[in-house]
Amino acid sequence: MTFILTTPLYYVNDKAHLGSTYTTLACDTLARFHRLEGRDVLFITGVDEHGQKIQRTAEAKGVTPQTHCDEISNEYLQLWENWQITNDRFIRTTNIAHKELVEEFFNKVHASGDIYVGHQKGWYCVGCEEYKDVHQEDTKPSCPIHLKNLEWRDEENLFFRLSRYQAQIEELIIRKDFILPINRRNEVKNFVAQGLNDFSISRVNVPWGIPVPNYQGHTFYVWFDALLGYLSASLDDGGSNKISRLSKVGWPASVHVIGKDILRFHAVYWPAMLLSAGLSVPQRVYGHGFLTREGNKMGKSLGNVIDPEILLEKYGNDPVRWYLLRDIEFGQDGDFQVQRFTDLVNNDLANTIGNMLNRTCSMSRKWFNNSIPEVVIDSTRDNIMASTAIETINNVRANYNILNFQAVSEQILSLAKKANVFLNDKAPWKLIKEEDNTQNVSEIIYSILETSRIVGILLQPLVPNLSKRILIQLSYDEEIVNWETHLLWGILEPGKQLPVPEPVIPKIDLPETI
């Protein structure tokens, strides 16, 4: 069974920011994990290219909307390549095949009797591409997210009968595994309990969009169009893009990973649309939190936006991945703190993990002919490091599976810390002075080297480059496609030559600016 994983389709009004990079790094980590678990993974990302905001942005730049979309979409593609994102598909909603699918989907929903012509009026945020609830006495309301004045709209729209799916959505959202984390589930339950209202799926006077078949002057509301990108991408395997083929390519999605601001669209509107078209709903929707910087919301006007390209160029992939996924509980809001970033990378990766590896490799080379000690592996299975490593393996795999990247990081780090304590307690540098202790020392050193190997493998989804450098330093050159046979104690080959140790990750200096 295919594990289908998606990021949101990012809106191309502007280039990618740290928030979209955070989501994509988390999804990349999850995709890498499931591949290592032996699953067939389809990792989807892409861009949402229609709507009034994009139309206005292009007009302000003096270019066509398509030219603007091409420019920003290519920037996303290049950024994800630079971050070594392992997505299998990248969907653009301006693709012809996507347009054809949107039309087919609309015809199915229309045939279900769930589309009607109505009138929509209210306060609209172009940035969010949605109507906002506003107090009647508020005559100049603004969007709490974009901090810009809302626009009054009064127009004919096509509506989707969301209210018809009240009971089915209520039944869906009480499933414990459908919406995570639990606080997001409670938000949606409270929203649905107020009663679902039909919602608009078209706009008039917005030419930059997919025309609605048989409704002149109407283009699809950007959200109706964008959500269907998950289906288009799933079908983008060289075969037909007909909806009837979805089950053959692995639909439904295993998990949609999104920001909490678009949870309602994915956990309520999207399942109802799929039900109307006779399709399976996603298995899980995971809504993560927002990022702030030093306790403040990031914004161009505040001058505190962190450019992911600059962050990558200055510090590299692994330090940023480690900090974002280790320090921030995935699902909750997080604060990017420069001092904390520096401290965690240096203390966790360079000191705890890096020093454990380097000093043990150095001792092994010095005392055992530049090699891994010759030991009877069974003699090391009863020591505390072997049992601790096996316990860590089980816990880490379980936490990767539920997107608890913070727990994954802490458990791997804890294993490295226990290895350092074990090494200090045993003090092999003292024992080696007595020839009778050679076998005991060889078992101590082997145990730490083997623990380092397991640490390196467990880090592979999270910080893949660091993982590779750790394993190279241990002369562990096995290709790891499925890690089941590698996450066992006693795999490191006794007697194998070790290279001269080098720092696997450099320490970083506290930056003046990012």
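Structure's up top.
Computed from a prediction, not measured in an experiment: that's the story for all the values here.

Enquirer: Before we move on, can you summarise helix 3 (residues 65-82) with the specific residues and values?
Expert: Taking 1.5 Å per residue, 18 residues should reach 26 Å; helix 3 reaches 26 Å between its end C-alpha atoms and fits that length. Those residues of helix 3 lying buried are Pro65, His68, Cys69, Ile72, Ser73, Tyr76, Leu79 and Trp80. Buried residues in helix 3, looked at end-on, bunch into an arc of 120 degrees, giving them a common side. Positive phi appears at Gln84, one or two residues downstream of helix 3, with a value of about 60 degrees.

Enquirer: Account for the packing of helix 12 (residues 338-367) against helix 17 (residues 464-473), naming residues and giving values.
Expert: One can describe the packing of helix 12 onto helix 17 by two numbers: an axis separation of 11 Å at closest approach and a directional angle of 15 degrees. It follows that helix 12 is roughly parallel to helix 17 by the angle criterion. Classified by chirality, the crossing of helix 17 by helix 12 is left-handed. Here Leu349, Ile353, Leu357, Asn358 and Cys361 of helix 12 lie close against helix 17, whose contacting residues are Leu466, Ile470 and Gln473. Looking at side-chain class alone, the contact of helix 12 with helix 17 contains six nonpolar, two polar and no charged residues.

Enquirer: Can you explain the sheet that holds strand 15 (residues 334-336)? Please cite residues and give values.
Expert: Strands sit in the order 14-13-15 across an open sheet of three strands; the sheet is mixed. Taken across any chain shown, the strands that pair with only one partner, and hence form the sheet edges, are strand 14 (296-297) and strand 15. The pairing of strand 13 (residues 291-293) with strand 15 spans three bridges and is parallel. Each bridged residue has a counterpart across the sheet, and for Arg293 the counterpart in strand 15 is Phe336.

Enquirer: Run through the side chain of His68, naming residues and quoting values.
Expert: Within the secondary structure, His68 sits in helix 3. Among the polar contacts made by the side chain of His68, one reaches the side chain of Lys61 at a distance of 2.9 Å. Ignoring anything within four residues of it in the chain, the contact list for His68 reads Val12, Asn13, Ile54, Thr57, Ala58, Lys61 and Val63.

Enquirer: Any details on the nonpolar core? Residues and values, ideally.
Expert: Ranked by internal contacts, the top residues of the largest apolar core, which has 165 residues, are Phe105, Phe160, Leu231, Leu324 and Leu459. Element by element, the count of residues in this core is highest for helix 12, at 11 residues. Excluding residues that lie within four positions of it along the chain, Phe105 makes contacts with Phe224, Leu228, Leu231, Ile243, Met273, Leu274, Ala277 and Leu279.

Enquirer: Can you tell me about the layout of surface pockets, naming the residues and giving the values?
Expert: Its boundaries defined by the atoms lining it, the second largest pocket holds a volume of some 1,300 Å³. Looking at the lining of the second largest pocket, the elements with two or more residues in it are strand 4 (115-125), strand 5 (130-132), strand 6 (151-160), helix 6 (182-193), strand 8 (199-200) and helix 9 (263-276). Split by residue class, the lining of the second largest pocket holds 20 nonpolar, 10 polar and 11 charged.

Enquirer: Describe empty space enclosed by the protein, listing the residues and the values that go with them.
Expert: Under the definition given, this model contains two cavities of 30 Å³ or more. If you add up the space inside the largest cavity, you get close to 70 Å³. Around the largest cavity sit 13 residues that line it, and Gly51, Gln52, Glu129, Arg203 and Val206 are the ones nearest its centre. Tallied by class, residues from the lining of the largest cavity come to five nonpolar, five polar and three charged. Taken as a whole, the second largest cavity holds about 40 Å³ of empty space. Considering the residues around the second largest cavity, the lining is formed by Lys15, Ala16, Glu75, Tyr76, Leu79 and Glu309. The leading source of residues in the lining of the second largest cavity is helix 3, at three residues. Broken down by class, the residue content of the lining of the second largest cavity amounts to three nonpolar, no polar and three charged.

Enquirer: Could you give an account of the environment of Ser467, naming the residues involved and the relevant values?
Expert: Summarising the element assignment, Ser467 is placed in helix 17. Setting aside residues up to four positions removed in sequence, Ser467 forms contacts with Gly456, Ile457, Leu459 and Gln460. Among the polar contacts made by the side chain of Ser467, one reaches the main-chain carbonyl oxygen of Gly456 at a distance of 2.6 Å.

Enquirer: Give me the sheet that holds strand 7 (residues 179-180): which residues, what numbers.
Expert: Reading across from one edge, 3-2-1-11-12-7 is the order of the six strands in this open sheet, with parallel pairing throughout. Two strands bound the open sheet, and with one partner strand each, they are strand 3 (89-92) and strand 7. Here strand 2 (residues 40-48) pairs with strand 3 via four bridges, running parallel. Counterpart to Gly46 in the pairing with strand 3 is Ile91. Set on the sheet, helix 1 (residues 18-36) makes contact with strand 1 (2-11), strand 2, strand 11 (255-259) and strand 12 (285-288); between it and strand 1 the angle comes to about 170 degrees.

Enquirer: Before we move on, could you go through the environment of Cys143 and cite the residues and values that matter?
Expert: Along the polypeptide, Cys143 turns up in the loop between strand 5 and strand 6. You can call Cys143 buried: its relative accessible area is 0%. C-alpha separation for the pair Cys143 and Ala226, spaced 83 residues apart in sequence, amounts to 22 Å. Ignoring anything within four residues of it in the chain, the contact list for Cys143 reads Cys125, Cys128, Lys132, Lys148 and Leu150.

Enquirer: Residue-level account of unusual backbone geometry, with values.
Expert: A cis amide bond links Leu180 with the next residue in sequence, Pro181, at an omega value of -10 degrees. Secondary-structure assignment places Pro181 in the loop between strand 7 and helix 6. A cis geometry characterises the amide bond from Trp251 onward to Pro252, with omega recorded as 20 degrees. Mapped onto the fold, Pro252 is located in the loop between helix 8 (229-234) and strand 11. Notably, Asn370 is not glycine yet its phi reads approximately 60 degrees, a positive angle. Note on placement: Asn370 falls in the loop between helix 12 and helix 13 (384-401). Residue classification places Asn370 among the partly exposed positions, given a relative accessible area of 31%. Not every positive phi belongs to a glycine, and Ala427 is a case in point at roughly 45 degrees.

Criteria and thresholds
Residues numbered from 1 in each chain as written. Predicted model: local features only at pLDDT ≥ 70, side-chain atom pairs only at ≥ 80, totals over all residues. Heavy atoms only, no water. Helix = DSSP H or I, 4+ residues; strand = E, 2+ residues; numbered from the N terminus. Expected span 1.5 Å × (residues − 1). Buried < 20%, exposed > 50% of the residue type's maximum accessible area, 1.4 Å probe, protein only. Arc of directions from axis to C-beta. Axes fitted to C-alpha atoms, helices over the stretch in contact; angles between N-to-C directions. Parallel < 35°, antiparallel > 145°, perpendicular 65-115°, else oblique. Left-handed = near helix turned anticlockwise from the far one by under 90°. Contact = heavy atoms within 4.5 Å. Nonpolar A, V, L, I, M, F, W, Y, C, P; charged D, E, K, R; others polar. Pairing = 2+ DSSP bridges. Polar contact = N/O pair within 3.5 Å; in protein donor to acceptor, adjacent residues only side chain to side chain. Core = buried A, V, L, I, M, F, W, Y, C linked by side-chain atoms within 4.5 Å. 1 Å grid on protein atoms, 1.4 Å probe; cavity = no way out; pocket = protein on both sides within 12 Å on 5 of 7 lines; lining within 4 Å. Points joined across faces, edges and corners; volume = space filled by probe spheres on them.

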